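Spelled out, the chains give:
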Amino acid sequence: MYLFKNMVFKKLLFVLVMCSSHAHAAYECSASAVHSISTGRYSLINNGSDVLDKQTNLIWQRCLLGQSWDGNKCLGSPQHLTWDKTLIAAKETNVWRIPNVKELNSITEYACHPMVDTRFFDINPDIEHNMVYWSSTPNINNAKEVWVVNFSAYTGEIVAVSAKTYAYPSRLVRNAP
């Protein structure tokens, strides 16, 4: 009986160690992987609060809707809103908008997890467990759905459709002048 308990304990310990090391490494970019986004593509502007994408000529908020940049990191919690409320919140800024699905997917960095370059897009793993973000692109096959991008996906579909009634955070964008 002791041998059986000892084997179960060792297996449990192995799983916990593997999961914790995987979780620790989960918010880093692989140095050995081929990056899908070139290193010179982004520039920080407006005291580091915004990210200029030189390839698409878009300016991204470094923090999610509901957060603010303090010069070192994003403060506060991202707002998790339904799609309709996110549209209203973006419109109320008078500057920013929800990106369409192609724009949002364009910042996907496949060599990283989450799949975004964390040197430019601040990520707080303590509050951002589910990294599915709204796009402005409705599903033409179902008026109750909209396209989203899942930056936490390891494999499979990172672009998917979701019901508009779910609550997700948003990374807002605007066109560069």
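Scroll up for the structure.
Every residue gets a number counted from 1 within its own chain, in the order that chain's sequence is written. This being a predicted model, a pLDDT of at least 70 is required before a residue's local features are given, and a value of 80 or more before pairs of side-chain atoms are given or counted; all residues contribute to the totals for chains, interfaces and linings. Only hydrogens and water are removed before side-chain values are computed, so all heavy atoms of the structure are retained for them.

## Here we look at the pattern of salt bridges
Just so we agree on the cut-off: We count a salt bridge whenever a side-chain nitrogen from Lys or Arg sits within 4 Å of a carboxyl oxygen from Asp or Glu. Only DSSP runs of H or I with at least four residues qualify as helices, and only runs of E with at least two residues qualify as strands; both kinds are numbered from the N terminus onward. Think of it in three bands: residues with accessible area under 20% of the maximum for their type are buried, residues over 50% are exposed, and the middle band is partly exposed, with areas taken using a 1.4 Å probe on protein chains only.
What the rule picks out here adds up to four salt bridges. The salt bridge involving Arg174 is made with Asp50; its shortest N-O contact spans 3.9 Å. Highlighted residues: Arg174 in strand S11 (residues 173–175) and Asp50 in strand S3 (residues 50–53), separated in sequence by 124 residues. Like Asp50, Arg174 is buried.

## Overview of the sheet that holds strand S9 (residues 145–150)
Which entries qualify depends on this criterion: Two strands are counted as paired when DSSP detects at least two bridges linking them. Note on geometry: axes are C-alpha line fits, over the in-contact stretch for helices, and angles between N-to-C directions span 0 to 180 degrees.
What the three strands build is an open sheet, ordered S8-S9-S10; its pairing is antiparallel. Two strands in the sheet have a free side with no partner beyond their single neighbour: strand S8 (132–138) and strand S10 (159–163). Going from strand to strand, the sheet's axes swing by 40 degrees on average, the running direction of each strand aside. Taken together, the four bridges between S8 and S9 define a ladder with antiparallel strand orientation. By the bridge assignment for S9, Val132 is matched with Asn150.

## Overview of the nonpolar core
What counts here: Joining through side-chain atoms within 4.5 Å is the link that ties buried Ala, Val, Leu, Ile, Met, Phe, Trp, Tyr and Cys residues into a set, and such a set is a nonpolar core. Residues count as neighbours in contact if any of their non-hydrogen atoms are within 4.5 Å of one another.
Among the nonpolar cores identified, the biggest contains 21 residues, and Tyr42, Trp60, Leu104, Ile107, Phe121, Tyr133 and Phe151 are the most heavily contacted of them. Setting aside residues up to four positions removed in sequence, Phe121 forms contacts with Tyr42, Val51, Trp60, Gln61, Arg62, Ile107, Val116 and Arg171. Leu52, Ile59, Ala89 and Leu172 belong to the second-largest nonpolar core, a separate cluster that totals ten residues.

## Some details on the packing of aromatic side chains
Keep this limit in mind: The criterion for an aromatic pair is that two Phe, Tyr or Trp rings (for Trp, the six-membered ring) have centres within 6.5 Å, with stacked assigned to planes under 30 degrees apart, edge-to-face to planes over 60 apart and tilted to the rest.
Counted under the stated rule, the structure contains six aromatic pairs. Relative to Phe120, the ring of Tyr42 lies with its centre 5.3 Å away and its plane at 55 degrees, an arrangement referred to as tilted. Highlighted residues: Tyr42 in strand S2 (residues 42–45) and Phe120 in the loop between strand S7 (112–113) and S8, separated in sequence by 78 residues. Geometrically, the ring pair formed by Tyr42 and Phe121 is edge-to-face, given 5.4 Å between the ring centres and 90 degrees between the ring planes. With Tyr42 in strand S2 and Phe121 in the loop between S7 and S8, this residue pair connects regions lying 79 residues apart in the sequence. The same class applies to Tyr42 as to Phe121, namely buried.

## Observations concerning the sheet that holds S3
Taking strand neighbours across the sheet as the criterion, the four strands line up as S2-S3-S4-S11 in an open arrangement whose pairing is antiparallel. Each of the sheet's edge strands pairs with one partner strand only, and the pair in question is S2 and S11. Across the sheet, the axes of successive neighbouring strands diverge by a mean angle of 30 degrees, strand direction being ignored. As judged from the four bridges shared by S2 and S3, these two strands associate in the antiparallel manner. When the bridges of S3 are listed, Leu44 appears paired with Val51.

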